[in-house]
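# Architecture at a glance
Chain by chain, the residues:
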Amino acid sequence: MAALMKINPIFVYTHDSIGLGEDGPTHQPVEQIPTLRMIPNMVNWRPCDGTETAVAWKSAIERKDGPTCLIFTRQGLTPMERSDQQIADIARGGYVLRDCDGTPDAIVVATGSEVELAVQGAEQSGKKVRVVSMPCTEAFDAQDADYKESVLPAAVTARVAVEAAVTDGWYKYVGINGKVIGLNRFGESAPAGQLFKEFGFTAENVAAAINEVA
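What you are looking at is a predicted structure, and each value in this text was computed from that prediction instead of being measured.

## Quick look at the nonpolar core
In summary, soluble globular proteins display a tendency toward joint burial of nonpolar side chains. Grouped together as the largest cluster of nonpolar side chains are 51 residues, with contacts concentrated most on Trp45, Val108, Met134, Leu152, Val162, Phe201 and Ile210. Contacts of Ile210, omitting those with residues within four sequence positions, involve Ala106, Val108, Gly121, Ala122, Ser125, Lys127, Val129 and Val160.

## Side note on the sheet that holds strand E2 (residues 43-45)
Read from one edge of the open sheet, three strands run E1-E3-E2, paired in parallel fashion. Strands at the two margins of the open sheet, each flanked by one partner only, are strand E1 (10-13) and E2. Averaged over all pairs of adjacent strands, the angle between their axes in this sheet comes to 20°, without regard to strand direction. Across four bridges, E1 lies against strand E3 (residues 68-71) in parallel orientation. Within E3, the position partnered with Tyr13 by the bridge is Ile71.

## Describing the pattern of salt bridges
Under the definition given, this model contains eleven salt bridges. In this structure, Glu163 engages Arg37 in a salt bridge whose closest nitrogen and oxygen atoms are separated by 2.7 Å. Residue Glu163 is found in the loop between strand E7 (159-162) and helix H8 (171-174), and its partner Arg37 is found in helix H2 (residues 32-38); the two are separated by 126 residues along the sequence. On the basis of relative accessible area, Glu163 is assigned to the buried category, the value being 2%. For Lys172, the salt bridge is made with Asp141, and the minimal N-O distance between the two is 2.8 Å.

Analysis parameters
Starting afresh in each chain, residues are numbered from 1 along the sequence in its written order. Side-chain atom pairs in this predicted model are given and counted only at pLDDT of 80 or more, local residue features only at pLDDT of at least 70, and totals for whole chains, interfaces and linings cover all residues. Heavy atoms throughout the structure, all of them, feed into the side-chain values; hydrogens and water do not. In these notes, a set of buried Ala, Val, Leu, Ile, Met, Phe, Trp, Tyr and Cys residues joined through side-chain atoms within 4.5 Å is what counts as a nonpolar core. The buried label goes to any residue with under 20% of its type's maximum accessible area, the exposed label to any with over 50%, and the partly exposed label to all in between, with areas taken from a 1.4 Å probe on protein chains only. When checking whether two residues touch, look at their non-hydrogen atoms; a contact exists if any pair is within 4.5 Å. The pairing criterion for strands is at least two bridges between them, as found by DSSP. Numbered from the N terminus, helices here are DSSP runs of H or I no shorter than four residues, and strands are runs of E no shorter than two. As a rule, the C-alpha atoms of each element are fitted with a line to give its axis, helices using only the stretch in contact, and angles between N-to-C directions run from 0 to 180 degrees. The salt bridge definition used is simple: a Lys or Arg side-chain nitrogen within 4 Å of an Asp or Glu carboxyl oxygen.

Given below as structure tokens:
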């Protein structure tokens, strides 16, 4: 209703994935984040660390023509190093967090707690990999064509997306031949680390996916 009426409440979600752990699938929103992204005029942020969280809050407070969802993890996340330009680009919804020399062999796109796995997997892959953090797909989709091309160049078709949620929405970024590490079923009740390993959210699996597409 908030999206329909173009009013601007801020909704804060505190259980963003199977990483919640022992509370089980009733508290693990594998389908809810993709569903929120499908609502017209809704803006959704799933930040990977404190810096992205601060930008998300600022964006939500400044938005006047619709609601914003801030989707947070319960896990401890490693702060990412960024340049001033990268910090500025967070507000664009998606940006290059880690790059390589020359043309990448592959691009990995991730959100939230999975960004750290994407960075680790890229390092382990042995390939030239660009890691894109995309905390807000709506903000990224609203950017001009030149910016989107600078982040996701059309010439690099080997792509992987990583998010602990239903996979369908990510194929518009990785293409039908891309690889999406996600979850198309409900979770289980177990410690977060055990669940991530069980469902394939590991740096090793990201590296394997990179080598599969590249």
